[in-house]
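Overview (structure and organization)
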Amino acid sequence: MNASPQDDLMLRRIAALEAELVQVQRRLARAEDIELINKLTRIYGYYLDKALWDELLPLFTDDCEVEISALGVYVGRAQLEKLFKEFLGQGPARSGPNGLLWGQLYNHMMVQGVVHVEEDGRRAHGRWRSFMQLAEFGKYGRWGEGVETFSYEKDDSGRWRIARMHFYRTFHTPYEESWATAVSARGGLLQAVRPDRPSTENYEPWPGVYIPPFHYPNPITGRAWVPVPPAREQDRGERS
């Protein structure tokens, strides 16, 4: 028995609704993933604030890669543990590997996050800004700021973790001078906790100007990011 025109119309409408439902479910899943990643990154910042390395380390994949300024690239969670506890921990947690001492400040505010989930729903990328307040009571105070880029991976249980993190230092200056007059040190490869690879990018922090690459195209024009050469001191005040 042939279907009537009304039946054909109904079947087409049902097919269209099913296709639309699939798209809605995908958008919902992507929105939920982005919110989970946002929470993960903010939690990372809160753990870092208080030098809670034993809480922070499980947020990374076993084969993670971490690059901080010009310190080089550290591969794997075991290497990351050495970097956090033996190098960073010497400042914010001299009494032990986990937690701040009285009179120590190590704030890392993770703000201005932009996160995109790939079509496979298993990988994602984010760009954040970390603003830092660092101090030891009666000894020093420092400002710090930089762009922090992340790659994330979802494991088989549906949990997102950090697969790659790259912190680009904009400035790191004494509180008294701030960024008005102080030159930010570039830093270099560590000898005590040696990296697995050298730094992937070479740039000068403040008063040098460097734009870390964007992982996303312009949302209006669709143009992919084209790197801009670092600003040079000899070109100070000039605009092309």
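Our subject in this report is the structure included herewith.

How each quantity is defined
Residues numbered from 1 in each chain as written. Predicted model: local features only at pLDDT ≥ 70, side-chain atom pairs only at ≥ 80, totals over all residues. Heavy atoms only, no water. Pairing = 2+ DSSP bridges. Helix = DSSP H or I, 4+ residues; strand = E, 2+ residues; numbered from the N terminus. Buried < 20%, exposed > 50% of the residue type's maximum accessible area, 1.4 Å probe, protein only. Contact = heavy atoms within 4.5 Å. Axes fitted to C-alpha atoms, helices over the stretch in contact; angles between N-to-C directions. 1 Å grid on protein atoms, 1.4 Å probe; cavity = no way out; pocket = protein on both sides within 12 Å on 5 of 7 lines; lining within 4 Å. Points joined across faces, edges and corners; volume = space filled by probe spheres on them. Nonpolar A, V, L, I, M, F, W, Y, C, P; charged D, E, K, R; others polar.

Quick look at the pairing of strand E1 (residues 60-68) now. Relative to strand E6 (residues 160-174), E1 is paired through 5 bridges, and the arrangement is parallel. Note that in E6 the partner of valine 66 across the bridge is methionine 165. Strand direction decides the pairing type here: E1 and strand E2 (residues 73-75), joined by 3 bridges, are antiparallel. Counterpart to valine 66 in the pairing with E2 is tyrosine 74. Remark: 4 residues form the turn of the hairpin made by E1 and E2, two consecutive strands paired antiparallel; serine 69 in that turn has positive phi of roughly 50 degrees.

All of the buried residues along helix H3 (residues 77-87) are Gln79, Leu80, Leu83, Phe84 and Lys85. Against helix H2 (53-56), E1 and E2 lie the buried residues of H3.

Another point: the sheet that holds E1. Read across the open sheet, the 6 strands follow the order E2-E1-E6-E5-E4-E3; overall the sheet is mixed. In the strand order of this sheet, the two ends are held by E2 and strand E3 (104-117), each with one partner. Taking the axes of each pair of neighbouring strands and ignoring which way they run, one obtains an average angle of 15 degrees across the sheet. Its contacts with the sheet place H3 against E1, E2 and E6, and it is angled at close to 45 degrees to E1.

Turning to empty space enclosed by the protein, a few remarks are in order. In this structure the tally under the stated criterion is 1 cavity of 30 Å³ or more. Its volume calculated, the largest cavity comes out at about 50 Å³. Every residue along the wall of the largest cavity is listed here: Ser69, Ala70, Arg169, Arg186, Glu201, Tyr203 and Pro205. Here the residues of the lining of the largest cavity sort into 3 nonpolar, 1 polar and 3 charged.

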